[in-house]
Amino acid sequence: MTRNPRRDLLAGLTVAVVALPLALGFGVSSGLGAEAGLATAVVAGALAALFGGSHLQVSGPTGAMTVVLLPIVAAHGPGGVLTVGLMAGVLLIALAFLGAGRFMRYLPAPVVEGFTLGIACVIALQQVPNALGVPKPEGDKVLPVTWHAVQAFVRAPNWTALLLALAVAVVMLVGARLRPAVPFSVVAVAAATLTVQLLHLDAAAPIGTLPSGLPAPSLAFLEPAALPSLLAPAVAVAALAALESLLSATVADGMTTGHRHDPDRELFGQGIANLAAPLFGGVPATAAIARTAVNVRTGAGSRLAALTHALVLAVIVFAAAPLVSRIPLAALAGVLLATAVRMVEVGALRAMARATRPDAVVLVLTAAATLVLDLVYAVIIGLAVAGALALRAVARQTRMERTEVTADLTGPHSPEEHALLAEHIAAYRIEGPLFFAGAPRLLPELSEVAGVRVVVLRMAGITTMDATGALALKDAVRTLHRRGIAVFAAGIRPGHLPVLASVGALGLLQSEGQAHATTGEAVTAARAHLHRSGLLPAAPVTEEAVR
């Protein structure tokens, strides 16, 4: 923090300017008011910067979290949200000590992109009532609420609010393309507020009175009897906080060289932040990808930048609350509409959709589930579908094909003997993973082999094997034995021996001397078996020849 403080202080100031309208807007969207958003940005932003696992992360209220909080506010009121924040903080700390952060790297990219697209749509739809200047309809489902807001606007149009929201959004989007370094969100909000004040536009409702300072820490909102009913929402909040924070930290790593976050420490820092923020009336917090990106792009190099961001917002809370309270809600709606648009990376979505059909399916399903259901359910659905499609793709790599026997014979043999061996011996090469998704499809075909007396299984190409695959192989061998067909295995990998032994398949092969190191040895042993059975007219080979 002392290496280059001037650069970090300037970066923190820039982030604070960008974060102010976002904190106000997300506080309003959460249902607890603009003051809750500011308290979250100050308290959670400072503590997450101190205790988190990334030097460049900026935390506070986010749009994704407001999506989860609205149903909690509707069901349990503001006290329920604050209690859920505390519970989520405890869960995040527990996840940190359990080392859960390292599992974030396994999240598929289509799930992340679909999740982000769905959140952007939800954030945009949440702003429709304020952008249209109508009272927010009852309910916590974004699609019905949006529809009712549109109907209310049609009955009594509020063009002032709509024009303010669109103007702020357009200024932010166009300005970001022309001058990325300028905080156009603050410029647009300030211009909208001055316009409303100078022209006395009553149709643009302001935020309302804000307290001059943070409230004293309080535990009055705790209701022990309600804790069991709040456990599920707390799990959802903790899961979202972990997901978004680790995603943001990964983005920050990708924007720099030589910086790598500690995922478990990041969860710990977010847990501390979520324990403290509700005590000051704040909502559950998480790392913010947009603010973190601004922090990195403006040259931040240490935690001092994020701490400066929190300090500047605290000064605004104590010194400029009367001015902030005059900001029109429609202007904040415009800020969040522009934020939602900027969250969607069209190029990344197009690339993901064109990659493979399963990737496109996962992306669309995750986005739709985020919009219609719930963020946590959306991630679960995305992971489940991605896992099922990945298993199907891997299972298709498992294949079994019949191969020539005579190519693996050793020593001189007459053409007649070659023909008889090819008639009585069938060799099959099994390649790819032999596991629960692929084995049941292939091995029943092996059990139906007919017209031969010996089957040679070439198993060196099996990449992995689980208990289901080993059991299916054992059942196929038993079926062939009952039909009088001997089975010889070749090239079993050492790593597969324990699995085969655990289900009894290895003992079944080894008990009759039918497990061999190479295909040549297995075919030679099969030839000797046919001699002993009297199926070959030539004299049986000696033990020396077999060896």
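Shown above is the structure to which this text applies.
Below is a summary of the structure that appears in this document. Not measured: the values here are computed from a predicted model. (Residues numbered from 1 in each chain as written. Predicted model: local features only at pLDDT ≥ 70, side-chain atom pairs only at ≥ 80, totals over all residues. Heavy atoms only, no water.)

**Remarks on the environment of Ala276**
Working step 1: Mapped onto the fold, Ala276 is located in helix α10 (residues 263-276).
Working step 2: Note: C-alpha distance between Ala276 and Gly89 (187 residues apart in sequence) is 8.4 Å.
Working step 3: Setting aside anything within four residues of it in sequence, one finds Ala276 in contact with Val43 and Leu47. (Helix = DSSP H or I, 4+ residues; strand = E, 2+ residues; numbered from the N terminus. Contact = heavy atoms within 4.5 Å.)

**Details of the packing of helix α15 (residues 346-355) against helix α16 (residues 357-372)**
Working step 1: Running from amino to carboxyl end, α15 crosses α16 at an angle of 130°, the nearest separation of the two axes being 5 Å. If you check the angle between α15 and α16, you find them oblique. For the pair α15 and α16, contact is made by Leu349, Met352, Ala353 and Ala355 and by Asp359, Ala360 and Leu363, respectively.
Working step 2: Of the residues that constitute the contact of α15 with α16, the class distribution is six nonpolar, no polar and one charged. (Axes fitted to C-alpha atoms, helices over the stretch in contact; angles between N-to-C directions. Parallel < 35°, antiparallel > 145°, perpendicular 65-115°, else oblique. Nonpolar A, V, L, I, M, F, W, Y, C, P; charged D, E, K, R; others polar.)

**Some thoughts on the sheet that holds strand β5 (residues 454-465)**
Working step 1: The strand order β3-β4-β5-β6-β7 describes an open sheet built from five strands, whose pairing is mixed. One side of each edge strand has no neighbouring strand; the edge strands of this open sheet are β3 (399-403) and β7 (515-516).
Working step 2: Inspection of the sheet shows β3 paired to strand β4 (residues 425-434) by five bridges, in the antiparallel sense. Bridging from a neighbouring strand, Arg399 pairs with Glu431 of β4. (Pairing = 2+ DSSP bridges.)

**Brief notes about the side chain of Asn158**
Working step 1: Here Asn158 shows up in the loop between α6 (142-155) and α7 (159-178).
Working step 2: A distance of 3.2 Å separates the side chain of Asn158 from the backbone oxygen of Gly133, its partner in a polar contact. (Polar contact = N/O pair within 3.5 Å; in protein donor to acceptor, adjacent residues only side chain to side chain.)

**Here we look at the packing of aromatic side chains**
When we look at a pair of aromatic rings, we describe it by the centre distance and by the angle of the planes.
Working step 1: Under the defined criterion, the tally for this structure stands at four aromatic pairs.
Working step 2: Relative to Phe268, the ring of Phe51 lies with its centre 6.4 Å away and its plane at 75°, an arrangement referred to as edge-to-face. Note that Phe51 is positioned in helix α2 (residues 34-51) and Phe268 in helix α10, a separation of 217 residues in sequence.
Working step 3: Residue Phe51 is classed as partly exposed on the basis of its relative accessible area of 35%.
Working step 4: Judged by its relative accessible area of 26%, Phe268 falls in the partly exposed class.
Working step 5: Ring centres 6.1 Å apart and planes at 85° place the aromatic pair Phe97 and Phe268 in the edge-to-face group. (Phe/Tyr/Trp six-rings, centres within 6.5 Å; stacked < 30°, edge-to-face > 60°. Buried < 20%, exposed > 50% of the residue type's maximum accessible area, 1.4 Å probe, protein only.)

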